[in-house]
Amino acid sequence: MHKRMLPHHAVACLLALGTPFASAADQEVTAPEVVSAIEGVFGVNKGERRNHIKGVCALGEFVGTREAAAYSRSELFSGKPIPVVARFSVTGGNPNVPDTAKNVRGMALQFQLRSGAAHQMAMLNTPMFGAATPQTFLDLMLAQQPDPATGKPDPEKMKAFKASHPDNRAQSEYLATNNPPVSYANSAFWGIHTFKFVGKGDKTTLVRWRFVPQDGEKRLSDDELKSAGANFLEPALISRTQRGPVSWDMLVTVGQPGDPEVNPTLSWPEGRKEFKAGTLTISRAMPQKGGACEAINYDPLVMADGIAPTDDPVLKFRSPAYAVSFGKRMSGN
Ligand code: HEM
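As the structure is a prediction and not an experimental result, all values here were calculated from the model.

1. Quick look at the packing of helix α4 (residues 134–143) against helix α5 (residues 155–164)
Two elements in contact, α4 and α5, have axes separated by 9 Å at closest approach and are oriented at 160°. By the angle between their directions, the pair α4 and α5 is classed as roughly antiparallel. By crossing handedness, the relation of α4 to α5 is classed as left-handed. Residue-level inspection shows Asp139, Leu140 and Ala143 of α4 in contact with α5, the latter providing Lys157, Met158 and Phe161. Of the residues contributing to the contact of α4 with α5, the split by class is 4 nonpolar, no polar and 2 charged.

As structure tokens, this is what we get:
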């Protein structure tokens, strides 16, 4: 990718103005730059994911509906069971992050289609994302770098980030007002970006989706946050699957003209048409070390025919960022 550089004097001006987080509108952020900023916040755990490092593998299947097949020709919606390798995770690059942390949880799915192709999704337990552009994500990481004097992030930098990045606000507020789930099995997960369902004759429909747990959504109470301990999510999922399979409904929302298409921080208005596109059923879960999900790169741009990306700059940026992290961890770095 061609990187347009700011002229030297422009960089000097920005620094002289004391605005290290101000971004020049035409400066292009690169994946290696963002991954190294993530490493700056959390450190490097060799051979491990740079983000969403703490996680658990799971196996199951997905069965799509006829209604979805009317919008998308993806094999996902053939009605036949499709094997899935899943991974549930806690965000960040700290392997010891407590499961009570008020940050995001992830659900990543790899569907193994009969055609031999793969289809992947990597979702979060918030309806919106905290960055409309890769620059905001980078600035958030830069604001959290530990101060060499204290070893901790400088709260003033975080304050400055919040004041200058209104696109981070909706997700921050959601996380502040919605406690984390008691179990992955009791969490909904949103695809967040807008995608295109491509049907017969290449007819395209703009959609968003979420996976809603049939066990019901359940969050930790404020009291439970204090007593739940640091590592309950993995054993809770393993024991839940030992009692029987656990399912999520995939619900799809159909966009209308004017609905945000390329900004993952903006929700769609209420009242859009929704339909059930399928059911995900997880039947086994196991630790990620040596598990089926460990060596998968859940790249959200790996999509089989019938579902296509929009021009959302965050969606497009994720693929090279994940590739950098994957390349490092696969080569033992
Ligand atoms: C600029 C935005 C983003 C950046 C730079 C970023 C970066 C990363 C990186 C480096 C990884 C580790 C990849 C690996 O080693 O396999 C990761 C994992 C993950 N990300 Fe993102 N991410 C971004 C946005 C998002 C969004 C919008 C979502 C959800 C809609 C998301 C969901 C996830 C999930 C669920 C995982 C864990 C996947 C797994 O289990 O392997 N990320 N992210």
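2. Regarding the packing of helix α2 (residues 31–42) against α4
Close contact between α2 and α4 brings their axes to 8 Å; oriented N to C, the two are set at 25°. The orientation of α2 relative to α4 falls into the category roughly parallel. In the crossing of α2 with α4, the sense of the turn from one axis to the other is left-handed. Touching Glu33, Val34, Ala37, Ile38, Gly40 and Val41 of α2 are Pro134, Phe137, Leu138, Met141 and Leu142, all from α4. Tallied by class, the residues present in the contact of α2 with α4 amount to 9 nonpolar, 1 polar and 1 charged.

Cut-offs applied
Residues numbered from 1 in each chain as written. Predicted model: local features only at pLDDT ≥ 70, side-chain atom pairs only at ≥ 80, totals over all residues. Axes fitted to C-alpha atoms, helices over the stretch in contact; angles between N-to-C directions. Helix = DSSP H or I, 4+ residues; strand = E, 2+ residues; numbered from the N terminus. Parallel < 35°, antiparallel > 145°, perpendicular 65-115°, else oblique. Left-handed = near helix turned anticlockwise from the far one by under 90°. Contact = placed C-beta atoms within 7 Å. Nonpolar A, V, L, I, M, F, W, Y, C, P; charged D, E, K, R; others polar.

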